[in-house]
Amino acid sequence: TMPYCAFSSRKLCTFVLITKLLSIMDKDINRIKVVLAEKKRTNKWLAEQLGCAPTTVSKWCTNACQPPMETYLKIAKLLEVDIAELLNKEYFKSI
């Protein structure tokens, strides 16, 4: 069942929900690529350190998907940064 919606029609409510989700998905959630560049490290290096595929790290760096929270913690430790530096603060202000 659909949650309560202030809009008059179910279709409009669904449209608004989908539009909001798409706008969120279109934004960069993490700054992994930026922090890697600042630390002069590569995707390949990070993949080797984490024991995962370079394509997985590439997806994180392009924000195609997000790593699990445990992995964020490992990345922060490897790059010697606070976990907050890996997250785009502007993204969280927009939701």
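Relevant structure appears above.
Residues numbered from 1 in each chain as written. Predicted model: local features only at pLDDT ≥ 70, side-chain atom pairs only at ≥ 80, totals over all residues. Heavy atoms only, no water.

Draft legend 1. Examining the nonpolar core more closely. Counting residues in each nonpolar core, the largest one holds 16 residues, and the members touching the most others are I32, L46, I75, L79 and L86. Counting only elements with at least two residues in this core, the list comes to α2 (32-38), α3 (43-50), α4 (54-61) and α5 (69-79). For this core, the leading source of residues is α5, giving four residues. For L86, the residues in contact, after removing those within four places along its chain, are N30, R31, I32, V35, Y72, I75, A76, L79 and V81. (Core = buried A, V, L, I, M, F, W, Y, C linked by side-chain atoms within 4.5 Å. Buried < 20%, exposed > 50% of the residue type's maximum accessible area, 1.4 Å probe, protein only. Helix = DSSP H or I, 4+ residues; strand = E, 2+ residues; numbered from the N terminus. Contact = heavy atoms within 4.5 Å.)

Draft legend 2. Summary view of the packing of α3 against α4. Where α3 contacts α4, the two axes come as close as 8 Å, and the packing angle between them is 120°. It follows that α3 is oblique to α4 by the angle criterion. Considering the relative orientation of α3 and α4, their crossing is right-handed. Within the contact between the two elements, α3 uses N43, L46, A47 and L50 and α4 uses P54, V57, S58, W60 and C61. Split into classes, the residues belonging to the contact of α3 with α4 amount to seven nonpolar, two polar and no charged. (Axes fitted to C-alpha atoms, helices over the stretch in contact; angles between N-to-C directions. Parallel < 35°, antiparallel > 145°, perpendicular 65-115°, else oblique. Left-handed = near helix turned anticlockwise from the far one by under 90°. Nonpolar A, V, L, I, M, F, W, Y, C, P; charged D, E, K, R; others polar.)

Draft legend 3. A look at the state of the cysteines. If you walk through the whole model with that rule in mind, you get zero disulfides. Take C61: it sits in no disulfide, and the sulfur closest to it among the cysteines is that of C52, at 9.9 Å. You can call C61 buried: its relative accessible area is 8%. (Disulfide = S-S within 2.5 Å.)

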